[in-house]
Amino acid sequence: MGHEVQYILESKRLVWLVAVVFAVVIMFQYFEFPYGDVASSMFSMGRSQPSAGQTGQTNQTTASAESPKSSGNISIFNVSNHTTPVDTLGKGNNIGIEYSIPSNDSTTASPPIVNITVISPSTGLDNSTSKPEVNSSNLDPGVRKPATSENNPAMSAGESPVKQVPPVKAVHKRPIGDIVTLADMHDILSDNRASVRSMKPLWSSTVDQELLDAKQQIENAPVLNHNDRALYPPLYRNVSRFKRSYELMEKILKVYVYKEGEKPIFHQPQAVLSGIYASEGWFMKHMKENKHFVTNNPKQAHLFYLPFSSRMLEEKLYVTGSGSRDNLVQRLKDYVQLIAGRYDSWNRTGGSDHFLVACHDWATDETRKSMNSCIRALCNSDVGREHFELGKDVSLAETYVRSPQNPLRELGGKPPSQRSILAFFAGQMHGDVRPILLKHWENKDPDMKIFRKLPNSKGNKNYINYMKTSKYCICAKGYEVNSPRVVEAIFHECVPVIISDNFVPPFFEILNWEAFAVFVQEKDIPNLKNILLSISNRRYLVMQQRVKKVQQHFLWHVKPVKYDIFHMILHSVWYNRVFRV
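Conventions used here
Residues numbered from 1 in each chain as written. Predicted model: local features only at pLDDT ≥ 70, side-chain atom pairs only at ≥ 80, totals over all residues. Heavy atoms only, no water. Helix = DSSP H or I, 4+ residues; strand = E, 2+ residues; numbered from the N terminus. Buried < 20%, exposed > 50% of the residue type's maximum accessible area, 1.4 Å probe, protein only. Areas by Shrake-Rupley, 256 points an atom, 1.4 Å probe, with all protein chains shown as cover. Contact = heavy atoms within 4.5 Å. Disulfide = S-S within 2.5 Å. Axes fitted to C-alpha atoms, helices over the stretch in contact; angles between N-to-C directions. Parallel < 35°, antiparallel > 145°, perpendicular 65-115°, else oblique. Left-handed = near helix turned anticlockwise from the far one by under 90°. Nonpolar A, V, L, I, M, F, W, Y, C, P; charged D, E, K, R; others polar. Pairing = 2+ DSSP bridges. Polar contact = N/O pair within 3.5 Å; in protein donor to acceptor, adjacent residues only side chain to side chain.

## Let's talk about the overall build of the chain
Helix and strand counts for the chain stand at 16 helices and 16 strands. Counting over 581 residues, the chain shows a buried share of 54%. Accessible area for the chain stands at about 26100 Å²; split by element, carbon and sulfur atoms hold 51% of it.

Next up, the structure:
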């Protein structure tokens, strides 16, 4: 009997000891893995993660994981992550107008299987970083040898150092109809924010926690004091969040600019400082010259900039008349392979913390294969046909810079009382919308100054004078959805009238475009004048004043200033990155 009692007591002690050890392991892993998934990091290899519905979230997620398979020093991981709903961004005072006819219009996605070449984590990590065991060479701490079959025995000759990482996908995809209205875009953005699943880094870094902290602070931003004269609340979807996000960007954001790449496609912004592609040139110029945001230490970077010009890519590599852009796509693919072979940063996140700024119409398609996981700032922001992804990609403002020495030349326009023309448009007959516009309104009405391309004049004075003296400036799409006329209208304080179905306007996640612009569906072009006349004079005056107030966000300066277009582009990239962590 005494032996049985002793046996029971010993068994209880053993059970308590196992429980204590288990609790210690759980606590240790909690502090080691800031992304949650504590228990799953121990036991989920080989079984499914619980769905989001089981954790009380609206959007259900079914995630499965497999045990890692090793071959030499190449591992194949199945990475999963919980979905975290984000509150819908608030909308500003919606005094603008969107003219549209309603269109007649739950799936569960498994997490991406990520095949990654595990590369020495010396780049992009600090001493507090959890990292895999690998041998390191006597190399510069920021750069290592390109991965080749010689220094990576598991890699066959000619194999890319980058294993294809599936693009980041949302758990739920809202069906997109033929026409996506601004209201639809707001809903899609909210859905994407709530259901996004971004790739979990292969190993943790302090920058990840900094982004998570920033996200929490932005979501809980204090209400903005109305004494802030720099920001006029009706212009923004949520001015308090924008201000707090901008402050955090200024305080903590660090960007690493890759030094690799040959000129003129890479690292030569001077070639693209004028014309309609100037946004990518001016951004590159300011980014490379910046001392506040740029870091030379990749392990400190929250974002990584791919410094190429889509305009120079087309100019130098495209063979006129060939109809093929395969060599352009291949050049970008080769560049990704180059940086992935020298740095750990790409493979750590699958490229989701990398970004590009490209204004050529072709860039959307050219970057889709090798750079689709990146945050892409694109002028061709077609949410329908071109697969522009709201919440990840950034709509880049297409700016026509006429003087690189003075990008603010001819800024402004006449006051409303001296704007005698109801509506103005002039341009070449690109695409299928402009011919319809000319068919209905060219030489049809004295209030509607609708022309083909105006005769050449010094400094394009005729075109500029029309913009300075018109109430509304028609921004009709060309071959693609984007047009420099949107920013030109704001530049000359003319209310933009955007006729471009599925066009995501610049800085869409921040600005309340309905407050200062008019949106007309392409099918409503025959009724254009009636639509404009239905806007009361009082409402027009309010919108025109708001155009003048929002203008600061669309101006290039020789030296960047707070809230200008350079900082707005960078902020939108930062903002989308924060809300995908």
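## Some details on the environment of L437
Tracing the backbone shows L437 in helix α11 (residues 433-441). As a C-alpha pair, L437 and P526 span 89 residues in sequence and 7.8 Å in three-dimensional space. When neighbours within four sequence positions are excluded, L437 is seen to be in contact with F425, E442, I450, I474, A476, I525 and L528.

## Observations regarding unusual backbone geometry
In this structure, P264 follows K263 across a cis peptide bond, with omega equal to 5°. At H267, a residue that is not glycine, the phi angle is positive and equals roughly 60°. Relative to the assigned elements, H267 resides in the loop between β7 (255-257) and α6 (278-289). Its identity as a non-glycine residue notwithstanding, E410 has a phi of 70°, on the positive side. Assignment of secondary structure puts E410 in the loop between β11 (394-395) and β12 (421-426).

## Concerning the state of the cysteines
Within the structure shown, the criterion is met by two disulfides. The disulfide bridge from C473 ends at C494, spanning 2.2 Å between sulfur atoms. Between C473 and C494, the S-S torsion sits near 110°, and that sign places the bridge as right-handed. Of this pair, C473 sits in strand β14 (residues 470-476) while C494 is found in the loop between α13 (485-491) and β15 (495-499), placing the two residues 21 residues apart along the sequence. Take C494: its relative accessible area is 0%, and that puts it in the buried class. What links to what in the chain: the bonded cysteines, counted in sequence order, pair as 1-2, 3-4. C473 provides the cysteine sulfur closest to C475, a residue in no disulfide bond, and the two sulfurs are 6.7 Å apart.

## Side note on the packing of helix α4 (residues 206-219) against helix α5 (residues 239-252)
Between α4 and α5, the shortest axis-to-axis distance is 8 Å and the interhelical angle comes to 155°. Taken together, the axes of α4 and α5 are roughly antiparallel relative to one another. Our pair here, α4 against α5, has a crossing hand that is right-handed. Here E210, A214, Q217, I218 and E219 of α4 lie close against α5, whose contacting residues are R241, R244, S245, L248 and I252. Here the residues of the contact of α4 with α5 sort into four nonpolar, two polar and four charged.

## Observations regarding the sheet that holds strand β10 (residues 375-378)
If you walk across this open sheet you meet the five strands as β7-β8-β9-β10-β11, and the pairing is parallel. Either end of the sheet is taken by a strand with one partner, and the two such strands are β7 and β11. Looking at chain direction, strand β8 (residues 303-305) and strand β9 (residues 354-358) are connected through two bridges and run parallel. Along β9, the bridge assignment pairs Y305 with F355.

## What about the side chain of H553?
When you line up the elements, H553 lands in the loop between α15 (537-550) and α16 (565-578). Engagement of the side chain of H553 in a polar contact is seen with the side chain of Y236, the distance being 2.7 Å. Within the structure, H553 has its side chain in polar contact with the backbone oxygen of Y563 (distance 2.9 Å). Beyond its immediate stretch of four places on either side in the chain, H553 contacts L231, Y236, F507, L511, Y563, D564, I565 and M568.

## So, the pairing of β9
With respect to burial, β9 is a largely interior element, five of its five residues being buried. Of the two faces of β9, the one holding H354, L356 and A358 and the one holding F355 and V357 are both buried throughout. Across four bridges, the pairing between β9 and β10 is parallel. What sits directly across from F355, in β10, is I375.

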